[in-house]
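For reference, the chains in residue letters:
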Amino acid sequence: MSRLDSHLQAALARIDKAGQRRTLRATALAPRGRVIRDGRELVDFSSNDYLGLARHPLLTERAREWTARDGTGSGASRLVTGTSAAHLALEARIAAFKGTEAALLFASGWQANAAVIPALLAATPGVAVFTDRLIHASMHAGVAMAGVRQHRFRHNDLDHLETLLASKGADAPARLILTESVFSMDGDRADLPRLTAIAEAHDAALFVDEAHATGVLGPQGRGLSAEMPGRIDLVMGTFSKALGGFGAYVAGSRVLIDYLVNTASGFIFTTAPPPAVLGAIDAALDLVPGMDAERAHLAALGDRLREGLDALGLDHGHSSTQIVPAVIGAEEDAMALSAKLEAAGFLASAIRPPTVPPGTSRLRLALRASHSAADIDALLAAIGDAL
Ligand SMILES: *Cc1c(COP(=O)(O)O)cnc(C)c1O
């Protein structure tokens, strides 16, 4: 074994010892809210393909057409020769969809957060950063890359945020608040009307990650930020979840986007998204505004699932969306329940530390518009049997 591998082997052994070793398993999305894994069809409660667009014929067809027309690669990074007319047209479409002056494409949501946050923080040395404790790993990575210490407020506790802004932010040259509109592991929402008011009162900029709201919530699925045009400085979201494709966007003012084009390393030094990716996004944007029926169905399924979990005595926190946690507590118990459900034909992944805080291991149940009410009832019955 090489010297590197023996170091890595020792590190993996520590992960094993903590019972936290993870492995990759081949899985394929299938119709009717199913996936195929190990040759078995399972009812899927673990994917983020909320609207069923990842296999929609309009998306696959347009990805194919744009590939036939423009090829498989974009050729270079955006500032060199990688910007095509299609990139610029799509960015204008995204800005219109989000109700902002401008928008910028990124290779992925992780990359957008890890690129944009350090770029923003570099603009004003000494800026104070306030983060909800449960923000996504990619936002933490962005703050860490900037080498800035974050002031973390308790999850969705805006009184705590206000206290921190007053005590830690008052003397700073600028303030930035980072949060999500729908939290990825809890399925609850941030109170954006109050957050925008707090940001304005404390002269702070507000950055909202709409990874799980884009396509699903807000007017025509345009995200919760679309309910308050012009009040949020910077919105990001991904095309890889409800929009069924890949890549991400940042939307905001023209000045913000011009600044990012000039400073965001993860935008400048990476190859432009290729035609297939752009085509799928373009087709998704054709469909999403008209999918109110799917959104209403997702909301009804969420209510049905939460009522059923109540009847089983399981905590679902403050979920009010298509993401419903069933909080189990101990890591082993959550893992055991997930394994029993898989044996019974349901894919309901257990989420455990470090992704969620210790003692809150859970099933993260993600709904798909192609689920039926009977799928929810069958899942609840299986959870009841397993418990
Ligand atoms: C999934 C996710 C991301 C990352 O987006 P990708 O496009 O998958 O890289 C960022 N933020 C949140 C809240 C997410 O859930």
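Residues numbered from 1 in each chain as written. Predicted model: local features only at pLDDT ≥ 70, side-chain atom pairs only at ≥ 80, totals over all residues. Heavy atoms only, no water.

The name given to the protein chain in an unreviewed UniProt entry is 8-amino-7-ketopelargonate synthase, with the source organism recorded as Novosphingobium malaysiense. Of the protein chain, the UniProt comment under Cofactor (unreviewed entry) reads exactly: "pyridoxal 5'-phosphate". Recorded under Catalytic activity (unreviewed entry), the UniProt text for the protein chain is reproduced unchanged: "6-carboxyhexanoyl-[ACP] + L-alanine + H(+) = (8S)-8-amino-7-oxononanoate + holo-[ACP] + CO2". (UniProt positions renumbered as here; feature names shortened; annotations may be inferred.)

Visitor: Give a detailed account of the pattern of salt bridges, specifying residues and quantitative values.
Guide: One side chain can pair with another of opposite charge once the charged atoms of both are near each other. With the rule as written, the count across this model stands at 26 salt bridges. For the salt bridge of Arg-37 with Glu-342, the shortest nitrogen-to-oxygen distance reads 4.0 Å. In this pair, Arg-37 sits in strand β2 (residues 34–37) while Glu-342 sits in helix α13 (residues 331–343), placing the two residues 305 residues apart along the sequence. Assigned by exposure class, Arg-37 and Glu-342 land together as buried. Put simply, Glu-162 and Arg-194 hold a salt bridge, and the shortest N to O gap is 3.3 Å. A residue pair is termed long-range when its members are at least 10 positions apart, and Glu-162 in helix α7 (residues 158–169) and Arg-194 in helix α8 (residues 192–201) qualify at 32 residues. Within this structure, Arg-25, Arg-37, Asp-38 and Glu-342 form a network of salt bridges that share partners. (Salt bridge = Lys/Arg side-chain N within 4 Å of Asp/Glu carboxyl O. Helix = DSSP H or I, 4+ residues; strand = E, 2+ residues; numbered from the N terminus. Buried < 20%, exposed > 50% of the residue type's maximum accessible area, 1.4 Å probe, protein only.)

Visitor: Outline the sheet that holds β2, listing residues and values.
Guide: Pairing is mixed in the open sheet, where 4 strands are placed in the order β1-β2-β3-β12. Pairing within the sheet leaves two strands with one partner each, and these edge strands are β1 (27–30) and β12 (346–347). Here strand β3 (residues 40–44) pairs with β12 via 2 bridges, running parallel. Of the residues in β12, the one forming a bridge with Asp-44 is Leu-347. (Pairing = 2+ DSSP bridges.)

Visitor: So, empty space enclosed by the protein: which residues are in play, and what are the values?
Guide: Counted according to the given criterion, the structure contains 1 cavity of 30 Å³ or more. Its volume calculated, the largest cavity comes out at about 60 Å³. Lining the largest cavity are Arg-78, Leu-105, Phe-106, Ala-107, Gly-266, Phe-267, Thr-270, Thr-271, Ala-272 and Pro-273. Among the secondary structure elements, those contributing two or more residues to the lining of the largest cavity are β4 (102–106) and α10 (265–268). Here the lining of the largest cavity is composed, by residue class, of 6 nonpolar, 3 polar and 1 charged. (1 Å grid on protein atoms, 1.4 Å probe; cavity = no way out; pocket = protein on both sides within 12 Å on 5 of 7 lines; lining within 4 Å. Points joined across faces, edges and corners; volume = space filled by probe spheres on them. Nonpolar A, V, L, I, M, F, W, Y, C, P; charged D, E, K, R; others polar.)

Visitor: Any details on the UniProt feature "domain: Aminotransferase class I/classII large" (unreviewed entry) in the protein chain? Residues and values, ideally.
Guide: On the UniProt side, "domain: Aminotransferase class I/classII large" (unreviewed entry) is annotated at positions that read residues 41–383 here. For residues 41–383, the end-to-end C-alpha separation is 18 Å, with 44% helix and 17% strand making up the annotated structure.

Visitor: Please provide a residue-by-residue account of unusual backbone geometry, values included.
Guide: The omega torsion across Pro-353 and Pro-354 is 10°, close enough to zero to call that bond cis. Relative to the assigned elements, Pro-354 resides in the loop between β13 (350–351) and β14 (361–366). Even without glycine at this site, Asn-156 takes up a positive phi of about 55°. Position of Asn-156 relative to the elements: it lies in the loop between β6 (150–153) and α7.

Visitor: A description of the packing of aromatic side chains should follow, citing residues and the corresponding values.
Guide: A full pass over the atoms with the stated rule returns 2 aromatic pairs. Between the NZ or CZ atom of Arg-69 and the centre of the ring of Trp-66, over which it lies, the distance is 4.9 Å. (Phe/Tyr/Trp six-rings, centres within 6.5 Å; stacked < 30°, edge-to-face > 60°. Lys NZ or Arg CZ within 6 Å of the ring centre and 35° of its normal.)

Visitor: Hey, could you go over the site of the ligand for me, with residue numbers and the actual values?
Guide: Around the ligand there are 14 residues in total, and Gly-109, Asp-209, His-212, Thr-238 and Lys-241 lie nearest to it. A distance of 2.9 Å is found between an oxygen atom of the ligand and a backbone nitrogen or oxygen belonging to Trp-110. Within the contact set of the ligand, an oxygen atom lies 3.1 Å away from a side-chain nitrogen or oxygen of Ser-240. Against a free-state accessible area of 380 Å², the protein chains account for coverage of 87% of the ligand. (Near = heavy atom within 4 Å. Polar contact = N/O pair within 3.5 Å; in protein donor to acceptor, adjacent residues only side chain to side chain. Areas by Shrake-Rupley, 256 points an atom, 1.4 Å probe, with all protein chains shown as cover.)

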